Amino acid sequence: QQQQQTKMRSSPVKSKSKPREHPLGEHPSRTLFVRNISSSVEDDELKNVFSKFGSIRNMYTACKHRGFVMITYFDIRHAKLAKHELQGFQMRRRDLDIHYSIPKENPSEKDMNQGTLVVFNLAPEVTNEEIRTIFGRHGQVKEVRETPNKAHHRFVEFYDSRDAEKALKSLNKREIHGKKIKIECSRPGGRSRVSNESSEKKRNKSPYRPHSNSNGGNIRYKIDLDLVRDGTDERTTLMIKNIPNKYSQRMLLELIDRLFAGCYNFFYLPIDFKNKCNVGYAFINLTDPRHIINFAEEFNGKKWHKFNSEKVCELTYGRVQGKMNLNDHFANSSLMCEDESCRPVFFDDSNIPPAKNQFPSESSSSSTSTTSPSETQTIKWNRAATKKQNKKA
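The model shown is predicted, which means the values in this text are computed figures rather than measured ones.

1. Notes on the overall build of the protein
Logical step 1: On a plain count of helices and strands, the protein comes out with eleven helices and 20 strands.
Logical step 2: Expressed as a percentage of its 393 residues, the buried residues of the protein come to 47%.
Logical step 3: Across the protein, contacts joining residues at least 24 apart in sequence account for 70% of those joining residues at least 6 apart.
Logical step 4: Carbon and sulfur atoms make up 47% of the accessible area of the protein, which totals about 21,800 Å².

In structure tokens, the structure reads:
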């Protein structure tokens, strides 16, 4: 009887309520972000439950005590099936709450393979059907996609990431129609998705087109202030590089708010949770492209004043552009379950503190009240908190 009770306690039970559907628009991925996990659930229990739907590539359970785990499958179909079947399942009297997780922007070598390959140097006469046939010999191909303005490139997406790895090893540097092709794993993110390529066009309204330098490096993220001045480049999201690791989010925002309070509506400083310090870069979305001119003059190429650092600040454009796209990008991220000081922070228009000298060339009213950096820090910068009205100092 005791064995039977133990078995019942460790086995998942389907909730009597209907599985919950999530209102967020989520893109399917091989990694599931599983919330509402009991800290008493054993790793073997989780593996037994989730492996029923397919082979598991990786399980991240270090944050189980905080109520969530990450389960990664080799095959995206298995992840979709597990999410559908296990949504609302009960484990240790808790209903599982499952989302798709966003792949890391800068994955390690072992996590680079997300099932999609980029094929370079294709002959223009090679058709998508030929690509599907050639690559399909190594596994089932989900989709072959063309890239805008790059007739010599194709994206080949496999259902199973192991098949993508086999195709990469077998076909890289082989000849197709007399041309030696090059194959790489596609980096996770918008560049490997047609839908996100479309949205990237929308947020980059200018006719500015990315191109590569003679060394093959992509300079699409380089800031050209002349293009900003004449209104050609209308991007607003910047990446701040070479930040000393001891800087906290509060320190950086106090520094930025001295001249640019009211000029931005998003900020994110990624944190290395193991070492409890920042990873050396941050992202900020300015409310107007013209702010970039003064922001770059203030920070780009300048040394940081604290901690006797020799690092020099460098600014580039971010890959994800605009507040709306940033919100979509982080919507399903496990970061939103981290400590509030480590999350991406968003402002609603009503929560942006008044600006200080947004454009020095224009006259500013001395009677306008401003919010000090210390007062700015009291605002709770997450999507739920931005609905609340700020307390006046």
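2. A few points about the packing of aromatic side chains
How two aromatic rings sit relative to each other is set out by the distance from centre to centre and by the angle between their planes.
Logical step 1: One pass over the structure, following the stated rule, counts eight aromatic pairs.
Logical step 2: Seen from their ring centres, Tyr-247 and Phe-307 are 5.5 Å apart, and the 85 degrees between their planes marks the pair as edge-to-face. Of this pair, Tyr-247 sits in the loop between β14 (237–241) and α8 (249–260) while Phe-307 sits in the loop between α9 (291–299) and β19 (314–317), and the two are 60 residues apart along the sequence.
Logical step 3: A centroid spacing of 5.7 Å and a plane angle of 80 degrees characterise the contact between Tyr-281 and Phe-283, whose relative ring orientation is edge-to-face.
Logical step 4: By way of ring pairs, the aromatic residues Tyr-247, Trp-304 and Phe-307 are connected into one cluster.

3. Some details on the pairing of strand β4 (residues 68–73)
Logical step 1: Judged by how many residues are buried, β4 sits mostly within the fold: six of six residues are covered.
Logical step 2: Covered by surrounding structure in β4 are Phe-68, Met-70 and Thr-72 together with Val-69, Ile-71 and Tyr-73, the residues of both alternating faces.
Logical step 3: Taken together, the five bridges between strand β2 (residues 31–35) and β4 define a ladder with antiparallel strand orientation. Each bridged residue has a counterpart across the sheet, and for Thr-31 the counterpart in β4 is Thr-72.

4. Considering the sheet that holds β14
Logical step 1: Here five strands make up an open sheet; going across it, the order is β19-β14-β18-β15-β20 and the pairing antiparallel. Every interior strand has two partners, whereas the edge strands, β19 and β20 (345–346), have only one.
Logical step 2: In this sheet, β20 lies alongside strand β15 (residues 264–268) in antiparallel orientation, the contact comprising two bridges. Note that in β20 the partner of Phe-267 across the bridge is Val-345.
Logical step 3: Its contacts with the sheet put α8 on β14, β15, β18 (281–286) and β20, and the angle it makes with β15 is roughly 155 degrees.

5. Brief notes about empty space enclosed by the protein
Logical step 1: Tallying each qualifying case throughout the model produces one cavity of 30 Å³ or more.
Logical step 2: As a volume, the largest cavity reaches approximately 30 Å³.
Logical step 3: Lining the largest cavity are Ile-240, Leu-252, Ile-256, Phe-295, Phe-299 and Trp-304.
Logical step 4: Residues of the lining of the largest cavity, tallied by class, amount to six nonpolar, no polar and no charged.

6. Thoughts on the pairing of β15
Logical step 1: Summarising burial for β15: five of the five residues are buried, a large majority.
Logical step 2: Relative to β18, β15 runs antiparallel, the two sharing four bridges. Across the sheet, residue Phe-267 finds its bridge partner in β18, namely Ile-284.

7. Observations regarding the pattern of salt bridges
Logical step 1: Counted under the stated rule, the structure contains 17 salt bridges.
Logical step 2: Between Lys-64 and Asp-43 there is a salt bridge; the shortest N-O distance is 2.8 Å. In this pair, Lys-64 is assigned in the loop between β3 (56–60) and β4 and Asp-43 in helix α2 (residues 43–50), connecting sequence segments 21 residues apart.
Logical step 3: Since its relative accessible area comes to 12%, Lys-64 is described here as buried.

8. Some thoughts on the environment of Tyr-100
Logical step 1: Looking at the secondary structure, you find Tyr-100 in strand β7 (residues 97–100).
Logical step 2: Exposure remark for Tyr-100: the relative accessible area of 9% places this residue in the buried category.
Logical step 3: Sequence separation of Tyr-100 and Arg-30 is 70 residues, and the distance between their C-alpha atoms is 7.6 Å.

9. Some remarks on the nonpolar core
Logical step 1: Ranked by size, the top nonpolar core spans 30 residues in total, and within it Ile-240, Ile-256, Phe-267, Ile-284 and Phe-295 carry the most contacts.
Logical step 2: Those elements that place two or more of their residues in this core are β14, α8, β15, β18, α9 and β19.
Logical step 3: Discounting residues that sit within four places of it in the chain, Phe-267 has contacts with Ile-240, Gln-249, Leu-252, Leu-253, Ile-256, Ala-282, Phe-283, Ile-284, Pro-344 and Val-345.

10. Quick word on the packing of α8 against α9
Logical step 1: Contact geometry of α8 with α9 gives a least axis separation of 11 Å together with a crossing angle of 125 degrees. In terms of their interaxial angle, α8 and α9 are classed as oblique. For the element pair α8 and α9, the recorded crossing hand is right-handed. Within the contact between the two elements, α8 uses Leu-255, Ile-256, Leu-259 and Phe-260 and α9 uses His-291, Asn-294, Phe-295, Glu-298 and Phe-299.

11. Let's talk about α9
The periodicity of an α-helix, 3.6 residues per turn, causes residues three or four places apart in sequence to face the same way.
Logical step 1: Of all nine residues in α9, seven are buried, a share of seventy percent or more.
Logical step 2: Of all the residues in α9, the buried ones are His-291, Ile-292, Ile-293, Asn-294, Phe-295, Ala-296 and Phe-299.
Logical step 3: Residues of α9 that are buried make contact with α7 (225–229), β14, α8, β18 and β19.
Logical step 4: Immediately beyond the C-terminal end of α9, within one or two residues, lies Gly-301, with a positive phi of roughly 80 degrees.

About the criteria used
- Residues numbered from 1 in each chain as written.
- Predicted model: local features only at pLDDT ≥ 70, side-chain atom pairs only at ≥ 80, totals over all residues.
- Heavy atoms only, no water.
- Helix = DSSP H or I, 4+ residues; strand = E, 2+ residues; numbered from the N terminus.
- Buried < 20%, exposed > 50% of the residue type's maximum accessible area, 1.4 Å probe, protein only.
- Contact = heavy atoms within 4.5 Å.
- Areas by Shrake-Rupley, 256 points an atom, 1.4 Å probe, with all protein chains shown as cover.
- Phe/Tyr/Trp six-rings, centres within 6.5 Å; stacked < 30°, edge-to-face > 60°.
- Pairing = 2+ DSSP bridges.
- Axes fitted to C-alpha atoms, helices over the stretch in contact; angles between N-to-C directions.
- 1 Å grid on protein atoms, 1.4 Å probe; cavity = no way out; pocket = protein on both sides within 12 Å on 5 of 7 lines; lining within 4 Å.
- Points joined across faces, edges and corners; volume = space filled by probe spheres on them.
- Nonpolar A, V, L, I, M, F, W, Y, C, P; charged D, E, K, R; others polar.
- Salt bridge = Lys/Arg side-chain N within 4 Å of Asp/Glu carboxyl O.
- Core = buried A, V, L, I, M, F, W, Y, C linked by side-chain atoms within 4.5 Å.
- Parallel < 35°, antiparallel > 145°, perpendicular 65-115°, else oblique.
- Left-handed = near helix turned anticlockwise from the far one by under 90°.

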